[in-house]
Amino acid sequence: MLITATLPANLGVSIDGITITSAGGITIALSSSRPTVACPQCGASTTRVHSRYPRTLADLPWQGLAVSLRLEARRFFCDRDGCVRRIFAEPFPGLAAPKSRHSTRLSALFQAIGVALGGEAGRRLVNQLGLTTSPDTLLRLVRALALPADLAPRVLGVDDWARRRGRTYGTILVDLERHTVIDLLPDRTAETLALWLTEHPGVEIISRDRASAYADGARQGAPDAIQVADRWHLLKNVGDALERFLLGQQTALRQALATLPEPINDPAATAMPEPATDEVAAVAAPAPPVVSVKAGTARRQARYAEVVGLHAAGHTIRAIARQTDLSRMTVRKYLRASGCPGPPARTGMLTTGWRWEQRLREHWDAGEQNAAALWRALRAEGFPGSAGSIRRHVGGWRTAGGRPGPRRTDGPRPPHAGPAPPAAPSPRQMRWWLLGPPEELTDEQAAYLERLRGHCPQIQMAQTVAQEFGRLVRERDRAAFDRWITTTETSGIAELSAVATFMRRDYAAIVAGLTLPWSQGQTEGQVTKLKLVKRQMYGRGKLDLLHRRLVRTG
């Protein structure tokens, strides 16, 4: 039968009978027919039987029915002088491990399911296959798997991963040539990495991010290895420095909005205005709206004034954060800014003062106040947004009273009360405007940048420095890197100069990143896979279990 055909030929097991249980399962009775059995301690063969006992093993299901093996096992005497094992149980290699309640092939199935799905999800799949087990059994079988041979990598990728985000972190080590996870370290300190490198000699190249702890650990544990700084992290360092610089230019960002851009390709905008009398001008020019300062804005301005005052009095950032109950990051943001930073601005496609918002107002004032019709009109002009964004935006324009929502009425529609004060783009939004291709900017964005450069000439220098670094990294222009460091350090922009100074200290690793093909891309992919496995286990993934699952899943 199939049960005997799949067992080793030298096992000597025969089938005594097959029965169907009352619960709808199948029980197969097996017995051993081997005349002699070798002692597992000394290897001597023996024929003298001590006793017999039954073993019940769960096996793979058949046609959705649970299958159990009823095995009559024997105990033997070991008659060899000097052997410490006087009585031993008959082993069944290939059928079941000693003291196991599962057949070998069922344990292999459980291990494969545990590696792929973990405990809880694996248990649900096992139940659907007509078997029964617990999540703990699956995890115990995964932990029993042997790890591959400890081969020292030649090219090592090092990165951190969050065991508990914001609290505890570990380190993942990846063999970049074999595309496999080698080990997981319990923390991300230089001492732990240096100890691992000392115990695993042979590493020639170490790819890492800009973390100084990994640089120190690699220098201590493998002083002859070449360190490679990741190119994406280099670009991020420069982009973050540009954003910090823009954060200190809040006044210029707001001043650039003093004059909104004229509508593009609007014949009325290019026509010469007729001279108007003082009376007509007084009637035509509405009074500027009175903007009330909200309570949140007043509190923010008070906090800003308090932080600036404490800093002027000589207090440190740590002391200011303690006295004001603010984070040190917020204190630094206030001290870098030239004025009180406002809340993050919403700079979407319908931002006040930009093209699509202006076109929406024109359709609204022309009498069309149905959100779906407004969306279709803008969509015909090339608007890429959704109908929901239009509906939410015009919801606050509707007059009070009546049923809320889109509606059409006969007669003239009341015009909108007037445009709200435009919001200045946030430093993060400005960062991408400055770093992106100029041809991808809208006409309004390009005009705003031009006015912004007039209010803050240093922005042109910051943009040139950041764009040049992006070019030399993408083109691997090794010769241009030396010139870039010198130019940036003397640019007069403190945020970018600090980054250039830090890069000079990590000069060898950055040059290796510009000349060698290795990067952190593969390591970041393994971190993503680690996050998936960890979350799949509902937080029960300890280091040894995560390590085995990562290695076994390839």
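Structure shown above.
Quick caveat: nothing in here was measured; it's all calculated off a predicted structure.

Trainee: Can you help me understand the overall build of the protein in this one?
Mentor: The number of helices and strands found in the protein is 24 helices and 12 strands. Counting every position in the protein, which comprises 554 residues, the buried fraction comes to 41%. Relative to all contacts within the protein whose residues are 6 or more apart in sequence, the contacts with residues 24 or more apart total 59%.

Trainee: Can you walk me through the packing of helix α20 (residues 478–489) against helix α21 (residues 494–505) in this structure?
Mentor: Helix-helix packing is characterised by the crossing angle of the two axes and by the distance between the axes. Interhelical geometry of α20 versus α21 gives an angle of 140° and a closest axis separation of 8 Å. Relative to α21, the element α20 lies oblique. Crossing angle aside, the handedness with which α20 passes α21 is left-handed. Judged by residue contacts, Phe 481, Trp 484, Ile 485, Thr 486, Thr 488 and Glu 489 of α20 engage Leu 496, Ser 497, Ala 500, Thr 501, Met 503 and Arg 504 from α21. In terms of residue class, the contact of α20 with α21 is made up of six nonpolar, four polar and two charged.

Trainee: How should the pattern of salt bridges be read in this particular structure?
Mentor: As a working rule, side chains carrying opposite charge can pair if their charged atoms are close by. Evaluated as defined, the whole model comprises 27 salt bridges. The residue Arg 431 makes a salt bridge to Asp 240 at a minimum N-O spacing of 2.8 Å. Of this pair, Arg 431 sits in helix α17 (residues 427–435) while Asp 240 sits in helix α7 (residues 231–247), and the two are 191 residues apart along the sequence. Of the residues examined, Arg 431 reaches a relative accessible area of 7% and is grouped as buried. The shortest N-O distance in the salt bridge between Glu 450 and Arg 453 comes to 3.5 Å.

Trainee: Before we go on, may I ask you to explain the environment of Gln 522 in this structure?
Mentor: Structurally, the position occupied by Gln 522 is in helix α23 (residues 521–536). For the pair Gln 522 and Thr 180, spaced 342 residues apart in the sequence, the C-alpha separation amounts to 9.6 Å. Beyond its immediate stretch of four places on either side in the chain, Gln 522 contacts Val 174, Asp 175, Leu 176, His 179 and Thr 180.

Trainee: Whenever I open this one, the sheet that holds strand β9 (residues 168–175) confuses me. Can you help?
Mentor: Each strand in a sheet pairs with another by means of backbone hydrogen bonds, the pair being arranged parallel or else antiparallel. With respect to topology, five strands assemble into an open sheet ordered β10-β9-β8-β11-β12, the strand pairing being mixed. Pairing within the sheet leaves two strands with one partner each, and these edge strands are β10 (180–185) and β12 (226–229). Taken pair by pair, the neighbouring strands of this sheet meet at an average axis angle of 30°, ignoring direction. Pairing analysis gives four bridges linking strand β11 (residues 205–208) to β12, with the strands arranged parallel. Bridged to Arg 208 within β12 is Ala 229.

Trainee: Mind showing me how you'd approach the packing of aromatic side chains here?
Mentor: The relative placement of two aromatic rings is captured by the distance of their centres and the angle of their planes. Throughout the structure, instances matching the rule amount to seven aromatic pairs. Taking the centre distance of 4.6 Å and the plane angle of 45° together, the rings of Phe 469 and Trp 484 count as tilted. Of the two residues, Phe 469 is situated in helix α19 (residues 458–474) and Trp 484 in helix α20; the sequence distance between them amounts to 15 residues. For the pair shown, Phe 469 and Trp 484 are each scored as buried. A connected cluster of aromatic rings, assembled from ring pairs, spans Phe 469, Phe 481, Trp 484 and Tyr 507.

Trainee: For this particular structure, what's the right way to read helix α14 (residues 355–365)?
Mentor: Every buried residue belonging to α14 is among Trp 356, Glu 357, Gln 358, Leu 360, Arg 361, His 363 and Trp 364, and all of these are buried. Those residues of α14 hidden inside the fold are in contact with α15 (371–380) and α16 (387–395). Directly beyond the C-terminal end of α14, a positive phi value near 120° is found at Gly 367.

Trainee: In this structure, what is going on with the packing of α23 against helix α24 (residues 543–552)? I would like to understand it.
Mentor: Relative orientation of the contacting elements α23 and α24 amounts to 125°, with a least axis distance of 10 Å. In terms of axis orientation, α23 runs oblique to α24. Between α23 and α24 lies a crossing whose hand is right-handed. Facing Lys 529, Leu 530, Val 533, Lys 534 and Gln 536 of α23, the residues of α24 in contact are Leu 546, Arg 549 and Leu 550.

Trainee: I'm lost on unusual backbone geometry in this one. Help?
Mentor: Across residues other than glycine, the phi torsion is negative in most instances, and most of the peptide bonds are trans. Residue His 179 is not a glycine yet carries a positive backbone phi of 60°. Unlike most non-glycine residues, Asp 325 shows phi in positive territory, near 60°. Residue position: Asp 325 is located in the loop between α12 (317–324) and α13 (328–336). A relative accessible area of 71% places Asp 325 in the exposed class.

Trainee: How do you make sense of the state of the cysteines when you look at a structure like this?
Mentor: Each disulfide consists of a covalent bond between the sulfur atoms of two cysteine residues. In the structure shown here, the tally under the stated rule is zero disulfides. No disulfide involves Cys 39; its nearest neighbouring cysteine sulfur is the one of Cys 78, lying 3.8 Å away.

Trainee: Would you take a moment to explain the nonpolar core for this structure?
Mentor: Soluble globular proteins: nonpolar side chains tend toward being buried together. Ranked by internal contacts, the top residues of the largest apolar core, which has 40 residues, are Tyr 448, Leu 452, Phe 469, Phe 481, Trp 484 and Met 503. Among the elements of the structure, α7, α8 (250–255), α17, α18 (443–455), α19, α20, α21 and α22 (507–515) are those that each provide at least two residues to this core. Tallying contributions element by element places α19 first for this core, with seven residues. Core analysis: the next-biggest nonpolar cluster, separate from the first, contains 21 residues, Leu 145, Ile 205, Val 228 and Ala 512 among them.

Trainee: Is there a simple way to think about α12 in this case?
Mentor: Two residues of an α-helix separated by three or four positions point the same way, owing to the 3.6 residues in each turn. Buried within α12 we find Ala 319, Ile 320, Ala 321 and Thr 324. Positive phi shows up at Asp 325, right after α12, with a value of about 60°.

So, how was this worked out
- Residues numbered from 1 in each chain as written.
- Predicted model: local features only at pLDDT ≥ 70, side-chain atom pairs only at ≥ 80, totals over all residues.
- Heavy atoms only, no water.
- Helix = DSSP H or I, 4+ residues; strand = E, 2+ residues; numbered from the N terminus.
- Buried < 20%, exposed > 50% of the residue type's maximum accessible area, 1.4 Å probe, protein only.
- Contact = heavy atoms within 4.5 Å.
- Axes fitted to C-alpha atoms, helices over the stretch in contact; angles between N-to-C directions.
- Parallel < 35°, antiparallel > 145°, perpendicular 65-115°, else oblique.
- Left-handed = near helix turned anticlockwise from the far one by under 90°.
- Nonpolar A, V, L, I, M, F, W, Y, C, P; charged D, E, K, R; others polar.
- Salt bridge = Lys/Arg side-chain N within 4 Å of Asp/Glu carboxyl O.
- Pairing = 2+ DSSP bridges.
- Phe/Tyr/Trp six-rings, centres within 6.5 Å; stacked < 30°, edge-to-face > 60°.
- Disulfide = S-S within 2.5 Å.
- Core = buried A, V, L, I, M, F, W, Y, C linked by side-chain atoms within 4.5 Å.

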